[in-house]
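Close look at the chain arrangement
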Amino acid sequence: MTKIRPLTRHIVSINDLTNAEIETVFEVAQGFLKELRDPKIHYRIGRSTNLASKSILASLFYEPSTRTRLSFESAMLRLGGANITSADPAVSSAAKGESLADTIRVISNYADIVVIRHPRDGAARLAAEYSQVPVINGGDGSHEHPTQTLCDLFMLRSKKKTLKNLKVAISGDLKGSRTIHSFVYALARFGATIDPLPAPGMELPAHVDRRLREEFNCRMVSKDSGLTQSGTLDALYVTANQPHQLSLIPDPDVDYGPLLQQKIDAVYVTRFQKERWSDKDRPYPKIDAKFLGEDKFSNASVMHPLPRVNELDASFDSDRRAVYFQQAAYGVPIRMALISLLLHLHKSKTLRQFDSGFAKSKHPIYMQPIGVGLQCDNPNCITGDPSERQYAANKLFVVEEDTPQHCKLRCAYCEKDVDEGAADDFVVGDMTKHTYSEGLGALVRGSGERLRHLVIHRRAKDAAKAGFVSRTPRTKARAS
């Protein structure tokens with residue numbers, strides 16, 4: 001008998017929130033700022049309420065954190081609630097080998113809402129699957145950091161009065177920064193032009209780049225108004241105002257000149273994520289007054305999620321464009337708003353709840369029990385952790401492409417695409433007929449209940465070893 005799970009809502013990706021829900025979070029946060037603002041510092045929460053006096057927040061942190069953990073705990077205290085915390089894995093049951101799945105099943109009986117930070121990509125999603133109460137992602141590996149992005153967007157809106165059609169430069173470690181990954185998705189959804197300024201070898205990950213171009217209607221346009229290819233550093237991500245036939249080549253009748261010449265609205269600086277790189281000694285850009293002295297940056301708000309190391313000159317702190325400490329202060333009202341909405345503490349405003357905690361995916365889900373079929377090939381995915389493997393099914397989104405009968409597979413936990421280079425060798429077995437076919441076309445044709453009867457193998461010989469036979473003599477002969 002399947003256990004009935006209570007309706008709830010989890011936030012593990014910025015894309016778990018619609019644009020309208022993001023605006024609701026901002027409206028509630030602005031209300032807290034108006035009601036509880038420090039009279040001496042306009043962007044700081046200085047008083048408390050008893051709105052959450054009957055609620056408890058559990059902060060479960062497997063990685064170091066200062067701002068995220070303390071701002072969540074401050075937010076809960078400002079709401080009148082209480083905190084319980086596990087901020088050091090060395091003195092928690094994780095040191096004894098306890099799985100995250102078991103930990104979250106226990107902790108969700110102690111608290112009404114949980115915030116988690118974890119070094120593994122997709123850990124927040126796995127935790128949500130085993131929690132009875134709302135789970136908020138406080139940063140998981142190099143995947144995402146959605147609540148930081150809410151703070152960033154709130155900061156941008158407070159300075160620019162809108163989130164529509166901004167031009168934002170992002171500098172530094174774009175590959176390892178989970179904050180950047182959440183941020184660029186949100187920027188694209190609000191119609192931004194994104195100007196990447198990566199450190200050498202630290203460009204946006206391939207799967208983030210693909211999603212921007214293929215799912216968020218971004219186009220790559222070179223800064224000299226010529227055409228460009230993916231991976232070129234001298235290019236902008238330009239978000240189309242209307243859905244269109246996706247292409248890397250701009251429409252010939254679209255004039256990108258004015259957009260390319262538009263001044264930068266914000267510069268977002270990130271540190272070198274050394275904990276995610278084996279090579280700790282790498283060249284890294286430094287943003288200083290000289291760099292920001294160019295005319296295009298004259299009205300740009302300079303942002304940083306903090307902590308800062310050496311990538312942003314401290315002498316810039318007194319500049320009128322420096323907003324990063326105000327940006328950090330907004331962590332309290334934003335997280336107060338999100339906590340109160342997830343706990344349904346407002347009479348007139350709320351976020352939708354779902355029986356799984358997530359809205360239904362627009363992509364079909366391929367799912368097989370542990371040890372059956374294709375597994376995520378991201379080495380840092382939570383599904384690859386030996387202590388968690390027994391709790392994580394092989395769960396992949398089937399993302400259809402424009403080409404008929406073609407698709408790609410995306411891990412439901414870490415959201416990285418399965419190695420496309422090997423996709424041509426994949427075969428799909430039908431467990432009802434014990435036959436297999438080449439390619440992933442059967443996944444496109446199948447949906448819902450039928451996907452449960454299909455199993456993916458990386459090679460034909462793997463399918464044959466598992467007892468499947470080829471649907472065609474030609475494929476069978478080649479497999480032999």
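Refer to the structure printed above.
Reading the values: rules and limits
Residues numbered from 1 in each chain as written. Predicted model: local features only at pLDDT ≥ 70, side-chain atom pairs only at ≥ 80, totals over all residues. Heavy atoms only, no water. 1 Å grid on protein atoms, 1.4 Å probe; cavity = no way out; pocket = protein on both sides within 12 Å on 5 of 7 lines; lining within 4 Å. Points joined across faces, edges and corners; volume = space filled by probe spheres on them. Helix = DSSP H or I, 4+ residues; strand = E, 2+ residues; numbered from the N terminus. Nonpolar A, V, L, I, M, F, W, Y, C, P; charged D, E, K, R; others polar. Core = buried A, V, L, I, M, F, W, Y, C linked by side-chain atoms within 4.5 Å. Buried < 20%, exposed > 50% of the residue type's maximum accessible area, 1.4 Å probe, protein only. Contact = heavy atoms within 4.5 Å.

For the structure shown, the criterion picks out two cavities of 30 Å³ or more. Roughly 70 Å³ of internal volume is contained in the largest cavity. Counting only elements with at least two residues in the lining of the largest cavity, the list comes to α6 (178–189) and α7 (206–214). Broken down by element, the lining of the largest cavity gets its largest block of residues, three residues, from α7. Here the lining of the largest cavity is built from residues that sort into three nonpolar, four polar and five charged. Put simply, the second largest cavity is a space of about 40 Å³.

Now for the nonpolar core. Judged by nonpolar contacts, the single largest core of 66 residues is most densely connected at F26, L150, L153, L156, I170 and L212. If near-sequence neighbours (up to four positions away) are discounted, L156 is found in contact with K161, T162, L163, L166, V168, F183, L187, A266 and M303. I107, A123, A442 and V444 belong to the second largest nonpolar core, which has 47 residues in total.

Here we come to the environment of V427. Looking at the element boundaries, V427 is found in strand β16 (residues 427–430). Apart from residues lying up to four places away in sequence, V427 is in contact with Y436, S437, E438, G439, V455, I456, H457, R459, A460 and A463.

In this structure, the largest pocket occupies an estimated 1,500 Å³ of space. Looking at the largest pocket, it is lined by 44 residues, and the ones nearest its centre are A359, K360, S361, I365 and F397. Residue assignment for the lining of the largest pocket shows that the elements contributing at least two residues are α4 (123–129), β13 (365–368) and β14 (394–400). No other element matches β13, which puts four residues into the lining of the largest pocket. Of the residues assigned to the lining of the largest pocket, the class counts are 16 nonpolar, eleven polar and 17 charged.

Tracing the backbone through its elements, the reader meets T147 in helix α5 (residues 146–160). T147 gets classed as buried once you look at its relative accessible area, which sits at 1%. C-alpha of T147 to C-alpha of F183: the two residues are 36 residues apart in sequence and 9.9 Å apart in space.

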